[in-house]
Amino acid sequence: MPAATSPPSPSELLHYLPAQRVLICKECRYAIQPSAVSRHLKDLHHIYRSDRQELVDYAKGLQLADTANVVLPPPHEAPVPFLPTENGLACAREGCTHLCITTKRMKSHWATAHKDVVGSGFSQWRPVTLQTFFRGNQLRYFSEPDSRMSETTPPSDCSEPWSLASEMPCPSDWSADDVALFIHFTKSTFYDLGCGPMSRRAWQGPIPEMAFRHDFLKHGILACAALHLAQLNPPERRRYQMIAACHQGRALPQFRALVGAPTDETCNAILAFSHLLIVHCFAAEEQDETLLLVKEGEGSGLPDWLKVIRSSCTMFSHLWQTMKNGFMKPFIEETMQDEPLPIIPENPEHAARLKQLLSLPIFGKNPPLLDILEHQMTAYSSSLIILARGFGAAQAAKDKGAFTMWTAVQIWPARIPLEFLDLLRAREPAALVLLAHYCILLGPLEESWYMGGFRKRLLERIYWQLDEEWRRWLDWPFAECGLTPPRRMEDVQCDPMNVSG
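Since we're looking at a predicted model, the values are computed, not measured.

**Looking at the packing of aromatic side chains**
And then number 1: Evaluated as defined, the whole model comprises 17 aromatic pairs.
And then number 2: Summarising the aromatic geometry, the rings of Trp174 and Phe212 are spaced 5.6 Å apart at their centres and angled 65 degrees between planes, so their arrangement reads as edge-to-face. Remark: Phe212 occurs in the loop between helix H8 (206-210) and helix H9 (215-232) and Trp174 occurs in the loop between helix H5 (149-152) and helix H6 (176-187); sequence separation between them is 38 residues.
And then number 3: Taking relative accessible area as the criterion, Phe212 reaches 25% and is therefore assigned partly exposed.
And then number 4: Considering the side-chain rings of Phe255 and Phe273, the 4.7 Å spacing of their centres and the 40 degrees angle between planes classify their relative orientation as tilted. Remark: Phe273 occurs in helix H11 (residues 267-283) and Phe255 occurs in helix H10 (residues 237-259); sequence separation between them is 18 residues. Here Phe255 and Phe273 have matching classes, each one buried.
And then number 5: Through a chain of ring-to-ring contacts, three or more aromatic side chains come together here, namely Phe133, Phe134 and Phe142.

Written out as structure tokens, the structure reads:
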């Protein structure tokens, strides 16, 4: 049965910042004035009354501040996701917080606000990266943390200070487009790849610097930057996706040639690239065939990122201690925590819901031979136990503010038996239902640019793979993800223009 095109959900189109009480449109990349939400959806996104009601009701349920009363985020909290960044200027006069885009405006500011020092040798301004919530008459700039790094970045515990890769000249054989993508990565893309100040610092400095020595990492970084730009610039999305695919295509053959036998020289670059592979899998819409973790018609059926994660413990075993004590230490400590998992979820509702999955038959209309069935039952039950542990581990990580992308893949995909992947490849309904429940655990990453809409796409992909009798098992995953099953969307049958062939 073909999937129907549905209006975007609130989490797919909108992003709410409770601290500032503003609602950002992810596609338009600016905040919507509280009184203009319905008009914005109608005029700019062509979402008509019946389709936009859910979005309007969502906005009405939020505490939105008037534009004049919005409290701008302090530098250590920026950059704000889904807002564009601009090169600008900050007044260098002590105590002055004036920000603007052009030198003409800055000179005008000094001529009126700081007449006492105009014409002296005092440095009047410094370059910064700026953002703004609103446009037009409500425009007010605030600056990003990398603009004031000395004030907001804690000191490194490494033996040598880290430089920012964006401050180093790129090799002369890089094209202008490559340089632009690289700078965008170190100015903006890097932020969501880390989960704390030290891992973000690693993604902004030493990891990009490795790209000057490892061509596959260079192309992985440029592919990631292009996917980020595709998310930020909807009109240019397809073009940036093609650029990302081109760079990823150049990186993967080199990566595959090195990944089997990492050395002291290559292990850190391989580890960084494996992280970028996961981002690429989540963010690249053209790779939707890997949403179910496996591809039909492939020998192994394993996406590259899953192969790397599953084998990481053995792949880096002889180098792990060296890596943990080297310049990747902050990245590993903040991003790749691997603590013991609880046996069952602490949440009683989660435990009860997962217990119900034990009653599912693990074969469809064509049950396999008995010996094969026993292997499948073992794979399914093992994957369910790992998923139950994953719920507990995810909650523990969230409670500590330490839920990362690496957490998301380690708590389930990297641990499930290979036989369970065979069930997914065969599109066995029970395996697909288990995968749908895994979507619940991805919630903490939903606001990351590379995860926007991923859960919705995956759940709807699973929904259309299942017969009607199995779809009721998806009600809870849809509800926990704040989504509506496609069968409940008003226009599935009402609007034939929304049905894709």
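**Digging into the nonpolar core**
And then number 1: Membership of the largest hydrophobic core comes to 101 residues, with the highest contact counts inside it found for Leu217, Phe420 and Tyr450.
And then number 2: The dominant element in this core, judged by the number of residues it contributes, is H11, at 12 residues.
And then number 3: Each residue touching Tyr450, except ones within four places of it in the same chain, is listed here: Asp192, Leu193, Val279, Phe282, Ala283, Met405 and Leu445.
And then number 4: Membership of the second largest hydrophobic core comes to 16 residues, among which are Leu13, Tyr16, Leu41 and Ile47.

**Things to note about the side chain of Lys456**
And then number 1: Within the element layout of this structure, Lys456 appears in helix H20 (residues 454-465).
And then number 2: Overall, the relative accessible area of 11% leaves Lys456 in the buried class.
And then number 3: Leave out the neighbours within four places in its chain, and Lys456 touches Ser6, Ser9, Glu12 and Leu483.

**Quick notes on the pairing of strand S6 (residues 125-132)**
And then number 1: In the sheet, strand S4 (residues 86-91) pairs with S6 via six bridges, with the strands oriented antiparallel. Counterpart to Cys91 in the pairing with S6 is Trp125.
And then number 2: Bridge analysis of S6 against strand S7 (residues 141-143) gives three bridges, and the strand direction is antiparallel. Residue pairing for S7: Thr132 is matched across the bridge by Tyr141.

**Notes on the sheet that holds S6**
And then number 1: Taken in spatial order, the four strands of this open sheet run S5-S4-S6-S7, and their pairing is antiparallel. In this open sheet, the two strands that pair with only one neighbour each are strand S5 (99-100) and S7.
And then number 2: Where S4 and S5 come together, two bridges link them in antiparallel fashion. The residue bridging Ala90 from the neighbouring strand is Leu99, located in S5.
And then number 3: The strands touched by helix H4 (residues 103-113) within the sheet are S4, S5 and S6, with S4 carrying the most contacts at an inclination of about 15 degrees.

**Description of the packing of H10 against H11**
And then number 1: For the pair H10 and H11, the least separation of the axes is 11 Å and the interaxial angle reads 140 degrees. Classed by the angle they form, the pair H10 and H11 counts as oblique. As for how H10 packs across H11, the hand of that crossing is left-handed. Residues Ala244, Gln248, Ala251, Leu252, Phe255, Leu258 and Val259 of H10 form the contact with H11, whose own contacting residues are Ile270, Phe273, Leu277 and His280.
And then number 2: Tallied by class, residues from the contact of H10 with H11 come to nine nonpolar, two polar and no charged.

**Brief notes about H4**
And then number 1: Burial in H4 covers these residues: Met106, His109 and Trp110. Taken down its axis, H4 places every buried residue within 95 degrees of arc, on the same side. Along H4, the residues that are exposed and aim more than 90 degrees away from the buried face are Lys104, Arg105, Lys107 and Thr112.
And then number 2: On its buried face, H4 sits against S4, S5 and S6.

**Describing unusual backbone geometry**
And then number 1: Even without being a glycine, His46 presents a positive backbone phi close to 55 degrees.
And then number 2: Residue placement: His46 occurs in the loop between helix H2 (37-43) and helix H3 (49-60).
And then number 3: On the basis of relative accessibility, which here comes to 52%, the residue His46 falls in the exposed class.

The rules behind each value
Residues numbered from 1 in each chain as written. Predicted model: local features only at pLDDT ≥ 70, side-chain atom pairs only at ≥ 80, totals over all residues. Heavy atoms only, no water. Phe/Tyr/Trp six-rings, centres within 6.5 Å; stacked < 30°, edge-to-face > 60°. Helix = DSSP H or I, 4+ residues; strand = E, 2+ residues; numbered from the N terminus. Buried < 20%, exposed > 50% of the residue type's maximum accessible area, 1.4 Å probe, protein only. Core = buried A, V, L, I, M, F, W, Y, C linked by side-chain atoms within 4.5 Å. Contact = heavy atoms within 4.5 Å. Pairing = 2+ DSSP bridges. Axes fitted to C-alpha atoms, helices over the stretch in contact; angles between N-to-C directions. Parallel < 35°, antiparallel > 145°, perpendicular 65-115°, else oblique. Left-handed = near helix turned anticlockwise from the far one by under 90°. Nonpolar A, V, L, I, M, F, W, Y, C, P; charged D, E, K, R; others polar. Arc of directions from axis to C-beta.

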